[in-house]
Amino acid sequence: MDLTVTNGSGEPVDPVLERFHLLVNAPALFNALTTALELDLFTALSGRPASFDELLGTTGLPPHSLRVLLHAVCSTGLLVRRDGRYENSGVAEELLTGDGPDSWRDILIGWREVYYPAFARLTEALEAGTNTALSAFPGHEATLYRRLAHRPELEAVFHRAMTAFTLRSVDALVDSGQFLTTRRLLDVGGGDGATSARLVARHPALVSTVFDIPTVSRLARRTTAPDLGDRVTVHPGDLFTDSFPEGHDTVLFSHVLEIFSGEQIVTLLAKAYDVLPSGGRVLVYGYNVSDDETEGWYSARLSLYLNALASGQGMAYPARDYERWLRQAGYGQVRTLKGLPYEHGLHIGVKP
Ligand SMILES: C[S@@+](CC[C@H](N)C(=O)[O-])C[C@H]1O[C@@H](n2cnc3c(N)ncnc32)[C@H](O)[C@@H]1O
């Protein structure tokens, strides 16, 4: 990637300095972006530049508020002002105008409502070595996933955001070639079933069982079951205290193992091993930090969130960690498909 940035005189500017200036203003600009999304600003401007007065009508904001918001969003480059009219940049038109199940609107509102308040307590959490930010949520459970059961509305916002982001990155998994011979999939920690729904839609001979905690299984029943009949079924349970159901030739952990410690990951991989037949496969899909653990904005954000809030441990582990754990749990033919979109990797192991 060429990061050369030049100033007005064409001289190179240190890209780290450029990023520093963006970074220190990013929390404010992030919130301007989510506000613009909530006001449907980008959708209103889709293919249709508008004047300030027209946007007053669209957003319903007082004139001064709109002025402040437009300045903030224009400063990011997402909106462009030309001849007194506002229009979407190419990026905004492509990423920010949709309202489907994979919308950035749902992703960013979820991050704002659930993730980012916890980041203010990062120092405290890292010093304590546990997810101290979880104390903002009612209940006594050790992870965010279980505590959200006490806040059903927020749980729905959270899973909408997670699903939307998953749908943006899941095609690399769906088209990985790993499901051509799979007939019965166990999707462990399968959330609201969106991944399984997409998998069975693309692979007509596939059926899937989504294993997740009971309140999330209820969400899955609502979001996936109506369309897919009995090709996606749900199996409520706890990853650690309940057995995995038998009768599947492939077990998928998508965005699940990174939540936990290495020791817990080996336990979960071994549980999957126990219910697989000989020749059965385990697939681990999710974020990987780069091998030297220095790159990846999405994986860095995830690791910090897991430690401050979600579980108090885990990270976007590098591929070599997953390969070691797969071998430890008894799998053979261990390999990784690296370099998938959004810093993802797919780790594969086969039960001998
Ligand atoms: C990051 S989400 C991944 C969801 C989905 N697989 C995806 O790729 O979008 C992690 C999932 O693991 C589930 N989970 C976490 N702890 C669990 C536990 N102890 N038992 C069962 N499911 C659990 C959560 O409810 C959540 O749906």
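Please read these numbers as outputs of a predicted model, since none were measured by experiment. Counting of residues starts from 1 at the beginning of each chain's written sequence and follows it residue by residue. Since the coordinates come from a predicted model, pLDDT governs what is reported: local features require at least 70, and pairs of side-chain atoms require 80 or more to be given and counted, while whole-chain, interface and lining totals use all residues. Heavy atoms from the whole structure form the basis of all side-chain values; hydrogens and water molecules are not counted.

1. What to know about the overall build of the chain
Numbering of helices and strands starts at the N terminus; helices are DSSP runs of H or I of at least 4 residues and strands are runs of E of at least 2. For the chain, the count of helices and strands is 16 helices and 12 strands. For 352 residues, the compact-globule formula gives about 20 Å, and the C-alpha radius of gyration of the chain, at 22 Å, lands near that figure. In terms of overall dimensions, the chain has a C-alpha envelope of 65 × 45 × 40 Å along the principal axes. Whether a residue is buried, partly exposed or exposed follows from its accessible area with a 1.4 Å probe, protein chains only, as a fraction of its type maximum: under 20%, in between, or over 50%, in that order. Here the chain holds 352 residues, and 49% of them are scored as buried. Contacts in the chain between residues at least 24 apart in sequence constitute 66% of all its contacts with a sequence separation of at least 6. In this description the radius of gyration comes from C-alpha coordinates, and the expected globular size is given by 2.2 Å times residues to the power 0.38. Only heavy atoms matter for contacts: two residues are in contact if any of them lie within 4.5 Å across the pair.

2. Structural notes on the packing of aromatic side chains
Each aromatic pair joins two rings of Phe, Tyr and Trp (for Trp, the six-membered one) with centres within 6.5 Å, and gets the label stacked for planes under 30 degrees apart, edge-to-face for over 60, and tilted for any other angle. Tallying each qualifying case throughout the model produces 21 aromatic pairs. Considering the side-chain rings of tryptophan 111 and tyrosine 116, the 6.2 Å spacing of their centres and the 75 degrees angle between planes classify their relative orientation as edge-to-face. We classify tryptophan 111 as buried; its relative accessible area is 7%. Using a relative accessible area of 28% as the deciding quantity, one classes tyrosine 116 as partly exposed. The ring of phenylalanine 244 is capped by lysine 271, whose NZ or CZ atom sits 4.7 Å from the centre of that ring. Only when the NZ atom of a Lys or the CZ atom of an Arg is both within 6 Å of the ring centre and within 35 degrees of the ring normal do we say a charge sits over the ring. For arginine 301, the ring lying beneath its charged end belongs to tryptophan 111, and the centroid distance is 3.8 Å.

3. Some thoughts on the domain arrangement of the chain
Domain boundaries assigned for the chain yield domain 1 (5-95) and domain 2 (104-350). Boundaries of every domain are those given by an automatic assignment or by a domain database. When each unit is reduced to the centre of its C-alpha atoms, the spacing between domain 1 and domain 2 is 33 Å. Taken together, the contact between domain 1 and domain 2 spans nine residues of the former and nine residues of the latter. Summed over both partners, buried area is the accessible surface (1.4 Å probe) that two parts give up on being assembled. Surface buried jointly by domain 1 and domain 2 totals about 850 Å² across both partners, of which 64% is contributed by carbon and sulfur atoms. Taken as a group, Phe30, Glu38 and Leu95 account for 54% of the area that domain 1 buries against domain 2, more than any other trio of residues on that side. Salt bridges are defined by distance alone: a side-chain nitrogen of Lys or Arg within 4 Å of a carboxyl oxygen of Asp or Glu. The salt bridge involving arginine 105 is made with aspartate 40; its shortest N-O contact spans 3.9 Å. Here the term charged refers only to Asp, Glu, Lys and Arg, the term nonpolar to Ala, Val, Leu, Ile, Met, Phe, Trp, Tyr, Cys and Pro, and the term polar to all other amino acids, Gly among them. Here the residues of the side of domain 1 that touches domain 2 sort into four nonpolar, two polar and three charged.

4. Points about the pairing of strand E6 (residues 184-188)
Most of E6 is tucked away: four of the five residues are buried. For the crossover that starts at E6, traverses helix H11 (residues 194-202) and ends in the parallel strand E7 (residues 207-212), the hand is right-handed. In the sheet, E6 pairs with strand E9 (residues 250-254) via four bridges, with the strands oriented parallel. When the sheet's bridge partners are listed, aspartate 187 is paired in E9 with leucine 252. The handedness rule is simple: strands pointing away from the viewer, and a clockwise path from the first strand over the helix to the second, make the crossover right-handed. Here, a strand pair is defined by DSSP locating no fewer than two bridges between the strands.

5. Digging into the site of the ligand
Here a residue is considered near a molecule or strand provided that any single heavy atom belonging to it is located within 4 Å of it. Around the ligand, the surrounding shell holds 17 residues, and the nearest of these are Thr166, Gly189, Asp212, Ser254 and His255. In the analysis that follows, any N or O atom pair within 3.5 Å is treated as a polar contact, provided that within protein one partner can donate a hydrogen and the other can accept it, and provided that, for residues neighboring in sequence, both atoms belong to side chains. Threonine 166 places a side-chain nitrogen or oxygen 2.6 Å from an oxygen atom of the ligand. Glycine 189 has a polar backbone atom sitting 2.7 Å from a nitrogen atom of the ligand. For accessible areas, the Shrake-Rupley method is used with a probe of radius 1.4 Å. Any residue's cover is judged against the shown protein chains and nothing else. When the ligand is considered free in solution it has 600 Å² of accessible area, and contact with the protein chains removes 94% of it. The rule is simple: put a 1 Å grid over the protein atoms alone, call a set of points where a 1.4 Å probe fits but cannot get out a cavity, call an open set with protein on both sides within 12 Å along at least five of seven lines a pocket, and count a residue as lining if it has an atom within 4 Å of a point. Each molecule is assigned to a cavity or pocket provided more than half of its atoms lie within 2 Å of the corresponding grid points. Using a 2 Å cut-off from the grid points, one finds that the ligand occupies the second largest pocket. When residues of the shell around the ligand are assigned to their parent elements, the largest contribution, three residues, is made by helix H9 (residues 152-169). Taken together, the residues of the shell around the ligand sort by class into six nonpolar, nine polar and two charged.

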